[in-house]
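An overview of the molecular structure
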Amino acid sequence: ETGHYRQASRTVATSEDDALEVGSSYGDCTEILRQRCRSARGVEKSKSATAEATRKFPGLQGTIDVIDCLHEKDAVQMAKCCANRTLACVDIGGDRHAEAVLQL
């Protein structure tokens, strides 16, 4: 449930965290993390969702990368996004294989 996911993010995120959200979608949780954490970055495979997120939340401009975190071609870019992160929130849609998501 998305509401529980966002509430959990609010609960665990602190001002000392450097957060990464995998599956930023329309930016709602990434914006929560941006407001609560020292830094926040998101990754999302959909260019249109990323564009909508930055339209809806201008403060996210430049903080969401268009990456398919489960695709080998994006592995190096994904590793760079993960570097030095103290908190990771993962919200990947139900159409992805659980085994691949767990390998993250």
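Residues numbered from 1 in each chain as written. Predicted model: local features only at pLDDT ≥ 70, side-chain atom pairs only at ≥ 80, totals over all residues. Heavy atoms only, no water.

1. Remarks on the overall build of the protein chain
A tally of regular secondary structure across the protein chain gives 5 helices and 4 strands. Burial statistics for the protein chain: of 104 residues in total, 38% are counted as buried. In the protein chain, 47% of the contacts between residues at least 6 apart in sequence involve partners at least 24 apart. Accessible surface, the protein chain: about 6,200 Å² in total, of which carbon and sulfur atoms supply 49%. (Helix = DSSP H or I, 4+ residues; strand = E, 2+ residues; numbered from the N terminus. Buried < 20%, exposed > 50% of the residue type's maximum accessible area, 1.4 Å probe, protein only. Contact = heavy atoms within 4.5 Å. Areas by Shrake-Rupley, 256 points an atom, 1.4 Å probe, with all protein chains shown as cover.)

2. Description of the confidence of the model for the protein chain
Parts of the model with low pLDDT should not have their predicted coordinates read in detail. Per-residue pLDDT for the protein chain has a mean of 89; in total, 88% of the residues score no lower than 70. The least confident element of the protein chain, judged by mean pLDDT, is helix α5 (residues 98-103) at 61; the most confident is helix α3 (residues 47-56) at 97. (pLDDT = per-residue confidence, 0-100.)

3. Description of the sheet that holds strand β1 (residues 18-22)
Pairing in this open sheet of 4 strands is parallel, and the strands run β3-β2-β1-β4 from one edge to the other. The strands lining the two open edges of the sheet, one partner per strand, are β3 (64-66) and β4 (87-90). When strand polarity is set aside, the average angle formed by the axes of neighbouring strands in this sheet is 20 degrees. Where strand β2 (residues 39-44) meets β3, 3 bridges bridge the pair, whose relative direction is parallel. (Pairing = 2+ DSSP bridges. Axes fitted to C-alpha atoms, helices over the stretch in contact; angles between N-to-C directions.)

4. As for the pairing of β2
Sheet topology places β1 next to β2; 5 bridges connect them, and they run parallel. In the sheet register, Val22 faces β2, and the bridge partner there is Val43. In this fold, the crossover linking β1 to β2 by way of helix α2 (residues 28-36) has right-handed handedness. The β-α-β motif built from β2, the intervening α3 and the parallel element β3 has right-handed crossover chirality. (Right-handed = clockwise from strand over helix to strand, strands pointing away.)

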